[in-house]
Amino acid sequence: MKKDHAKAFATKAHQGQVRKNSSEPYITHPIRVAERLEKEGCSDDLISAGYLHDVVEDTDICIEEIEQQFGKVVAELVASHTEDKSKSWWDRKKQTVDHLKDASKEIKYLIIADKLDNLLELEKEHAELGDAIWKNFNADYSQQKWYNQEIAKQMYAHLTANEIPAYFKEYEQAVKRFFK
């Protein structure tokens, strides 16, 4: 299956990388994102994109290689959620917020699954390490608050009630809880 290949590919690509505030292998994040998408009954292509969503952004793998290995649909999903690291934090995040507003539901599903997992991990890390967590980011608490609140505002745009997965509400609640 494509998703199994994507998991193995992402695991190899992220080998040696760790999360920002822990020694946890980085691959645990894309695995959780993909598992959340799978639990919601998403397509094999979207689950594969969940595994691969940070590969182009955080490794030397290019989007063309993703397309060769996994097809055009997966490559488009990954590309839609890949930030241009040559831009400032503000420009990258503003672009994500603007993109989210009119994005397809599949792209929204991928972005919110990613943001939710990041926020839940940030919550755990903050409970353990306190405000020291912010030293490992390009943005402080207030900037992260703005970003997550804007994502939460835009994620529902153009979706019908039956298109909204349960984890959107979970993300909305986590944003309210963490960014008081």
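Our structure's up above, just so we're on the same page.
Residues numbered from 1 in each chain as written. Predicted model: local features only at pLDDT ≥ 70, side-chain atom pairs only at ≥ 80, totals over all residues. Heavy atoms only, no water.

Explain the nonpolar core here, please?
The nonpolar side chains of a soluble globular protein tend to be buried, and buried together. Core analysis: the largest hydrophobic core is formed by 52 residues, its most contacted members being Leu37, Leu52, Ile66, Ile112 and Tyr171. Of the residues forming this core, the biggest block, nine residues, is contributed by helix 8 (residues 105–129). For Leu52, the residues in contact, after removing those within four places along its chain, are Ala6, Phe9, Ala10, Ile66, Phe70, Val74 and Val78. (Core = buried A, V, L, I, M, F, W, Y, C linked by side-chain atoms within 4.5 Å. Buried < 20%, exposed > 50% of the residue type's maximum accessible area, 1.4 Å probe, protein only. Helix = DSSP H or I, 4+ residues; strand = E, 2+ residues; numbered from the N terminus. Contact = heavy atoms within 4.5 Å.)

Would you mind showing me how to read the pattern of salt bridges here?
Pairing of side chains with opposite charge becomes possible as their charged atoms draw close. Summed over all chains, the structure comprises 19 salt bridges. The partner of Arg32 in a salt bridge is Glu24, and the shortest N-O contact between them spans 3.3 Å. Take Arg32: its relative accessible area is 23%, and that puts it in the partly exposed class. Across the pair Arg32 and Glu121 runs a salt bridge, and its minimum N-O distance is 3.6 Å. Of this pair, Arg32 sits in helix 2 (residues 28–39) while Glu121 sits in helix 8, and the two are 89 residues apart along the sequence. For Glu121, a relative accessible area of 8% gives the class buried. Where salt bridges share partners, they join Glu24, Arg32, Asp117, Glu121 and Lys124 into one cluster. (Salt bridge = Lys/Arg side-chain N within 4 Å of Asp/Glu carboxyl O.)

Help me out: how do you make sense of the environment of Glu128 in this one?
Among the structural elements, Glu128 can be located in helix 8. Measuring from C-alpha to C-alpha, the distance between Glu128 and Glu40 comes to 30 Å, with 88 residues separating the pair along the chain.

Whenever I open this one, the packing of aromatic side chains confuses me. Can you help?
By the definition in use, this model includes 13 aromatic pairs. Their ring planes at 70° and their centres at 6.1 Å tell us that Trp89 and Tyr147 sit as a pair that is edge-to-face. Of this pair, Trp89 sits in helix 7 (residues 89–102) while Tyr147 sits in helix 9 (residues 141–154); the two residues are 58 residues apart in sequence, bridging distant segments of the chain. Classification of Trp89 by relative accessible area gives buried; the value is 9%. Note on Tyr147: relative accessible area 4%, which makes it buried. Measuring from ring centre to ring centre gives 6.2 Å for Trp134 and Phe178, while their planes differ by 50°; the resulting arrangement is tilted. Of this pair, Trp134 sits in the loop between helix 8 and helix 9 while Phe178 sits in helix 10 (residues 166–178); the two residues are 44 residues apart in sequence, bridging distant segments of the chain. In this structure an aromatic cluster arises from ring pairing among Trp134, Phe137, Tyr141, Phe178 and Phe179. (Phe/Tyr/Trp six-rings, centres within 6.5 Å; stacked < 30°, edge-to-face > 60°.)

By themselves, these are just geometric observations and shouldn't be taken as functional.
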